[in-house]
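# Remarks on the overall topology
Here is how the chains run, residue by residue.
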Amino acid sequence: MKFEKLRLNNWKNFQDVEVELQNRMFLVGPNASGKSNFLDAFRFLRDLASTGGGLSEAIGRRGGVTTIRSLAARRYSDVALEVEMSEGDTVRWRYELAFNQSRQRLPQVKNERIFKNGRPIVERLNEDDEKDPARKTQTYLEQVIVNKPFRELVKFFSSIRYLHVIPQLIREPDRSIGLTNDPYGGDFLEQVAKTPTPTRKARLRRIQQALRVAVPQLEQIELDRDNRGVPHLRGKYRHWRPHGAWQSEEQFSDGTLRLMGLLWSTMEKGGTLLLEEPELSLHPEIVRVIPQLLARASTKTRRQILLSTHSSDLLRDNGIGIDEILLFLPKDEGTEVVQAASQSDVLPLLQGGLSLADIVIPKTKPQAVAQLSMFPE
């Protein structure tokens, strides 16, 4: 299953946004334009459907309804999300949710609808909700007793994965305590260690081969546990000593750890993969092959991949289509999100010999950015 369309109303940076989604999407825009908040809409769906989640928990993690509601929204406006999904060529889903808060400032559903092949399965609010207002505090996604007819949708939302590795979290000895599927990599090594042994060894061999290309002198990587049971990575580097020198993840560079996280995630099967600036800490020549790497991974695992980026090196890949790029353009009434393909000048500029990076990066650069060079006066 994959997402085909997303619509947001009064969600963080966005007052009213509707975009179509391809199997691979690149989100490009200036800082604070809403790229992370756009990805967070998908994370929100995952939090709604996941064990231990639900409406109150998902909203609470984000600071409450008033924090989520767009600054451009009119007072007390509902926050709404709508997504359309396809499952092969025969099944289409649509999920709609609008929420706000009660007078007691508790999150509550204002509208929830689910369609399968155009046929309504869920339509709320209904008479039962009005008779029992406590029902409004939960979506049907989180209620096992009612979600059987659309449990495929629940599983799909639950399988969404967000990854933005923070290397220092991987290096911390107590990084994995209390963490499960941490999007920032806190339990990354624990996830690797818990993978079935044959699968783990096969993946680490492939990562080892890739790192030999990307990281000079690295010859071997392996995973083991210390006497407390905490997993650790070890890497063997070519050295003046005949048998080389071993280092743990504490000595690995930020780029090495981020690249390992990226490579591991591309070998996992599951739902939509959300990546936040995968180019960070990596050499430009490595960054330039990331689109090809992700294209191959998407084909092999059948995962949809959405990623944010500021990198002109990443966008120079000739295999990126103009319908795969979303431009984030801040306006007075919230950020506008458009496909690069919708801009009338993009195709002529491409035909004139410019790369996508040459075209879209200038479209999204901050105004008067050159003034930063004058700091401090």
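Look a little higher up for the structure.
As a starting point, this report considers the structure included with it. Note that the coordinates shown come from a computational prediction; the quantities given were computed from them, not determined experimentally. (Residues numbered from 1 in each chain as written. Predicted model: local features only at pLDDT ≥ 70, side-chain atom pairs only at ≥ 80, totals over all residues. Heavy atoms only, no water.)

## Thoughts on helix H1 (residues 35–49)
In a regular helix each residue adds 1.5 Å, so 15 residues correspond to 21 Å; H1 covers 22 Å between its end C-alpha atoms and thus fits that length. Along H1, the sharpest change in direction is near 25 degrees and occurs at Ala 41. Counting buried positions along H1 yields 13 of 15 residues, so the element is predominantly enclosed. (Helix = DSSP H or I, 4+ residues; strand = E, 2+ residues; numbered from the N terminus. Expected span 1.5 Å × (residues − 1). Bend = angle between axes of the 7 residues up to and from the residue. Buried < 20%, exposed > 50% of the residue type's maximum accessible area, 1.4 Å probe, protein only.)

## Focus: a positive patch on the surface
A cluster of basic residues, Arg 206, Lys 269, Arg 296, Lys 300 and Arg 302, forms a positive patch on the protein surface. Within the fold, Arg 302 resides in the loop between helix H11 (290–301) and strand S13 (305–309). Judged by relative accessible area, Arg 302 falls into the exposed class, the value being 73%. (Patch = residues over 30% accessible without salt bridge, like charges linked within 9 Å, V, L, I, M, F, W, Y side chains within 5 Å. Areas by Shrake-Rupley, 256 points an atom, 1.4 Å probe, with all protein chains shown as cover. Salt bridge = Lys/Arg side-chain N within 4 Å of Asp/Glu carboxyl O. Lys, Arg positive; Asp, Glu negative; His and termini not counted. Charge placed at Lys NZ, Arg CZ, Asp CG, Glu CD.)

## Some thoughts on the side chain of Arg 161
One can find Arg 161 in strand S8 (residues 161–163). Residue Arg 161 is classed as buried on the basis of its relative accessible area of 11%. Polar side-chain contacts of Arg 161 include one of 2.3 Å to the side chain of Glu 268. Ignoring any residue separated from it by four or fewer positions in sequence, one finds Arg 161 in contact with Gln 191, Ser 265, Glu 268, Thr 272, Leu 273, Leu 274 and Arg 303. (Polar contact = N/O pair within 3.5 Å; in protein donor to acceptor, adjacent residues only side chain to side chain. Contact = heavy atoms within 4.5 Å.)

## Here we look at the packing of helix H8 (residues 197–214) against helix H9 (residues 254–267)
Taken N-terminus to C-terminus, the directions of H8 and H9 make an angle of 135 degrees; their axes are 10 Å apart at the nearest point. Taken as axis vectors, H8 and H9 run oblique relative to one another. By crossing handedness, the relation of H8 to H9 is classed as right-handed. Taking contact as the criterion, the partners of Arg 200, Arg 203, Leu 204, Arg 206, Ile 207, Ala 210, Leu 211 and Ala 214 in H8 are, on H9, Leu 259, Met 260, Leu 263, Trp 264 and Met 267. (Axes fitted to C-alpha atoms, helices over the stretch in contact; angles between N-to-C directions. Parallel < 35°, antiparallel > 145°, perpendicular 65-115°, else oblique. Left-handed = near helix turned anticlockwise from the far one by under 90°.)

## Details of the packing of H1 against helix H5 (residues 151–158)
Packed helix pairs are characterised by how far apart their axes lie and by the angle those axes make with each other. Contact geometry of H1 with H5 gives a least axis separation of 7 Å together with a crossing angle of 125 degrees. In this view, H1 runs oblique relative to H5, as classed from their interaxial angle. Crossing of H1 over H5 shows left-handed handedness. Between H1 and H5, the contacting residues are Leu 45, Arg 46 and Ala 49 on the first element and Val 154, Phe 157 and Ser 158 on the second. Its residues placed into classes, the contact of H1 with H5 shows four nonpolar, one polar and one charged. (Nonpolar A, V, L, I, M, F, W, Y, C, P; charged D, E, K, R; others polar.)

Purely geometric numbers; function is a separate question.
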